[in-house]
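Spelled out from the first residue to the last, the chains are:
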Amino acid sequence: MKTLVQIGIWMDHHTAHIWDVSSNQTEPAKLQSTFTQEVKEESGNKTEHVMHNKEQNMQTAFYKDLGEVISNATHVLLFGPTDAKTELANLLKADSHFDSVHNNVKSSDKMTSNQEHAFVKEHFSKK
């Protein structure tokens, strides 16, 4: 039987704050997309098509990195202010490697670390 691993991830298109409910974290693990403002400006000097392709490739790599974190989980809460959480949830749903991972998607505003932590703990306390 797989051990119960509950993870909450606050995310937008550039940053993810990862909260593992079973640990006693006071700060989240953080994951950053490599598509930064500098990269955007650098590729913007070329063409819009090049910038779009570069952003798409870096976004895919960011979601793949998050997928590696999620692959060990049994329950995942994806939350945040942008559509990134839904995009990632759709990718997880389409990949059979994540069939055993139960995920929930919730909208939220920008939050402090304490608010994120409380949001995740409250969500999983109802499970």
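Residues numbered from 1 in each chain as written. Predicted model: local features only at pLDDT ≥ 70, side-chain atom pairs only at ≥ 80, totals over all residues. Heavy atoms only, no water.

*Asks:* When you look at the side chain of S113 in this model, what are you seeing that I'm missing?
*Replies:* In this fold, S113 is placed in helix 4 (residues 113–125). On the basis of relative accessibility, which here comes to 19%, the residue S113 falls in the buried class. S113 has contacts with W19, E27 and P28, leaving out every residue within four places of it along the chain. (Helix = DSSP H or I, 4+ residues; strand = E, 2+ residues; numbered from the N terminus. Buried < 20%, exposed > 50% of the residue type's maximum accessible area, 1.4 Å probe, protein only. Contact = heavy atoms within 4.5 Å.)

*Asks:* Just to check I follow, could you spell out the packing of aromatic side chains for this structure?
*Replies:* Under the definition given, this model contains two aromatic pairs. Ring plane angle 35 degrees and centroid distance 6.0 Å describe the contact between F62 and Y63, whose orientation is recorded as tilted. With a relative accessible area of 2%, F62 lands in the buried category. Exposure remark for Y63: the relative accessible area of 7% places this residue in the buried category. Ring centres of F79 and F119 lie 4.7 Å apart, and the angle between their planes is 35 degrees; this geometry places the pair in the tilted category. Highlighted residues: F79 in strand 4 (residues 75–80) and F119 in helix 4, separated in sequence by 40 residues. The class of F79 is buried, set by a relative accessible area of 0%. Accessibility expressed as a relative area gives 23% for F119, which makes it partly exposed. (Phe/Tyr/Trp six-rings, centres within 6.5 Å; stacked < 30°, edge-to-face > 60°.)

*Asks:* Please clarify how the pairing of strand 5 (residues 102–107) should be interpreted in this entry.
*Replies:* Note on strand geometry: in a regular strand, side chains alternate between the two faces of the sheet. As judged from the six bridges shared by strand 4 and strand 5, these two strands associate in the parallel manner. For L78, the partnering residue across the bridge sits in strand 5 and is V105. (Pairing = 2+ DSSP bridges.)

*Asks:* What exactly am I supposed to notice about the sheet that holds strand 5 here?
*Replies:* Two strands in a sheet stick together by hydrogen bonds in their backbones, pointing the same way (parallel) or opposite ways (antiparallel). Read from one edge of the open sheet, five strands run 3-2-1-4-5, paired in mixed fashion. At either margin of the open sheet sits one strand with a lone partner, and together these are strand 3 (29–32) and strand 5. Across the sheet, the mean angle separating the axes of adjacent strands is 20 degrees when strand polarity is ignored. In the sheet, strand 1 (residues 6–11) pairs with strand 2 (residues 15–20) via five bridges, with the strands oriented antiparallel. Residue W10 lies in a different strand from strand 2, and its bridge partner there is H17. In the packing of helix 3 (residues 84–94) onto the sheet, the strands contacted are strand 1, strand 4 and strand 5, and the crossing angle to strand 5 comes to about 160 degrees. Together, strand 1, strand 2, strand 4 and strand 5 form the strand contacts of helix 4, whose direction differs from that of strand 4 by roughly 140 degrees. (Axes fitted to C-alpha atoms, helices over the stretch in contact; angles between N-to-C directions.)

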